[in-house]
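Single-letter residue listing:
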Amino acid sequence: MSLPESLTEIVDDFAAVNGQDKLQLLLEFSRELAPLPAELEQGAMEPVPECQSPLFLFVDSADREKVRLYFSAPAEAPTTRGFASILHQGLDGHSAATILAVPDDFYSDLGLADAVSPLRLRGMSAMLARIKRHLRN
């Protein structure tokens with residue numbers, strides 16, 4: 001699997017815990033989602049309608065060697081925020097080539113299939129797909 005070290009560490013963290021502890025870890029990630037910079041308005045961000053909760057993302061690929069990712073999700077949507085935070089912490093600042101090499105289904109290695117609905121997992125897949133689509137354009 002072709003994951004950057006930062007994302008591998010997150011996958012390993014999830015692999016090290018079981019059951020409800022995985023949900024607790026996801027909740028911790030949701031609390032760590034970086035706030036949007038003051039100059040970025042949610043209206044300028046792309047919605048990800050596949051997510052069950054409102055989620056917006058912005059991909060700044062002006063520097064293809066250091067892609068910046070920004071996410072916005074309400075505090076009352078901890079699963080969606082957790083997924084966004086995983087992608088932010090795992091991929092922000094990496095090159096476009098590194099991000100494009102991440103397997104589309106890497107999230108299955110988090111082991112959340114028993115704890116989170118397939119619909120929510122598809123939301124995470126959609127976030128990554130939109131990031132990759134932006135980088136390919």
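Rules of the game
Residues numbered from 1 in each chain as written. Predicted model: local features only at pLDDT ≥ 70, side-chain atom pairs only at ≥ 80, totals over all residues. Heavy atoms only, no water. Helix = DSSP H or I, 4+ residues; strand = E, 2+ residues; numbered from the N terminus. Buried < 20%, exposed > 50% of the residue type's maximum accessible area, 1.4 Å probe, protein only. Polar contact = N/O pair within 3.5 Å; in protein donor to acceptor, adjacent residues only side chain to side chain. Contact = heavy atoms within 4.5 Å. Pairing = 2+ DSSP bridges. Axes fitted to C-alpha atoms, helices over the stretch in contact; angles between N-to-C directions. Patch = residues over 30% accessible without salt bridge, like charges linked within 9 Å, V, L, I, M, F, W, Y side chains within 5 Å. Areas by Shrake-Rupley, 256 points an atom, 1.4 Å probe, with all protein chains shown as cover. Salt bridge = Lys/Arg side-chain N within 4 Å of Asp/Glu carboxyl O. Lys, Arg positive; Asp, Glu negative; His and termini not counted. Charge placed at Lys NZ, Arg CZ, Asp CG, Glu CD. Expected span 1.5 Å × (residues − 1).

Chemist: Got a sec to walk through the overall build of the protein? Specific residues and values, please.
Modeler: Helix and strand counts for the protein stand at 5 helices and 3 strands. Element order for the protein, N to C, with α for helix and β for strand: α-α-β-β-β-α-α-α. Considering only C-alpha atoms, the protein reaches an extent of 40 × 30 × 20 Å along its principal axes. Expressed as a percentage of the 137 residues in the protein, the buried residues total 45%.

Chemist: Tell me what's going on with the side chain of Ser 85, and back it up with residues and numbers.
Modeler: Among the structural elements, Ser 85 can be located in helix 3 (residues 78-91). You can call Ser 85 buried: its relative accessible area is 1%. A distance of 2.8 Å separates a polar atom in the side chain of Ser 85 from the backbone oxygen of Phe 29. Excluding residues within four positions of it along the chain, Ser 85 makes contact with Phe 29, Glu 32 and Leu 33.

Chemist: Could you give an account of the sheet that holds strand 1 (residues 46-47), with specific residues and numbers?
Modeler: Strand order across the open sheet formed by 3 strands is 1-2-3, with antiparallel pairing between neighbours. Bordering the open sheet on either side are strand 1 and strand 3 (68-72), each of which pairs with just one other strand. Pairing of strand 1 with strand 2 (residues 56-60) involves 2 bridges; the strand directions are antiparallel. Bridging across to strand 2, Glu 46 finds its partner in Leu 57. Sheet strands in contact with helix 5 (residues 118-136) are strand 1, strand 2 and strand 3, and its direction is about 30 degrees off that of strand 2.

Chemist: Provide a residue-level description of a negative patch on the surface, including the pertinent values.
Modeler: Together, Glu 5, Glu 9, Asp 12 and Asp 13 give the surface a local cluster of negative charge. One can find Asp 12 in helix 1 (residues 5-15).

Chemist: Report on helix 3, specifying residues and quantitative values.
Modeler: Spanning 14 residues, helix 3 covers 19 Å between terminal C-alpha atoms, matching the ideal 20 Å at 1.5 Å per step. Counted residue by residue, helix 3 has 12 buried out of 14 residues, so it is predominantly covered. Those residues of helix 3 lying buried are Thr 79, Thr 80, Arg 81, Gly 82, Phe 83, Ala 84, Ser 85, Ile 86, Leu 87, His 88, Gly 90 and Leu 91. Residues of helix 3 that are buried make contact with helix 1, helix 2 (20-31), strand 3, helix 4 (96-100) and helix 5. Positioned one or two residues after helix 3, Gly 93 has a phi angle of 90 degrees, which is positive.

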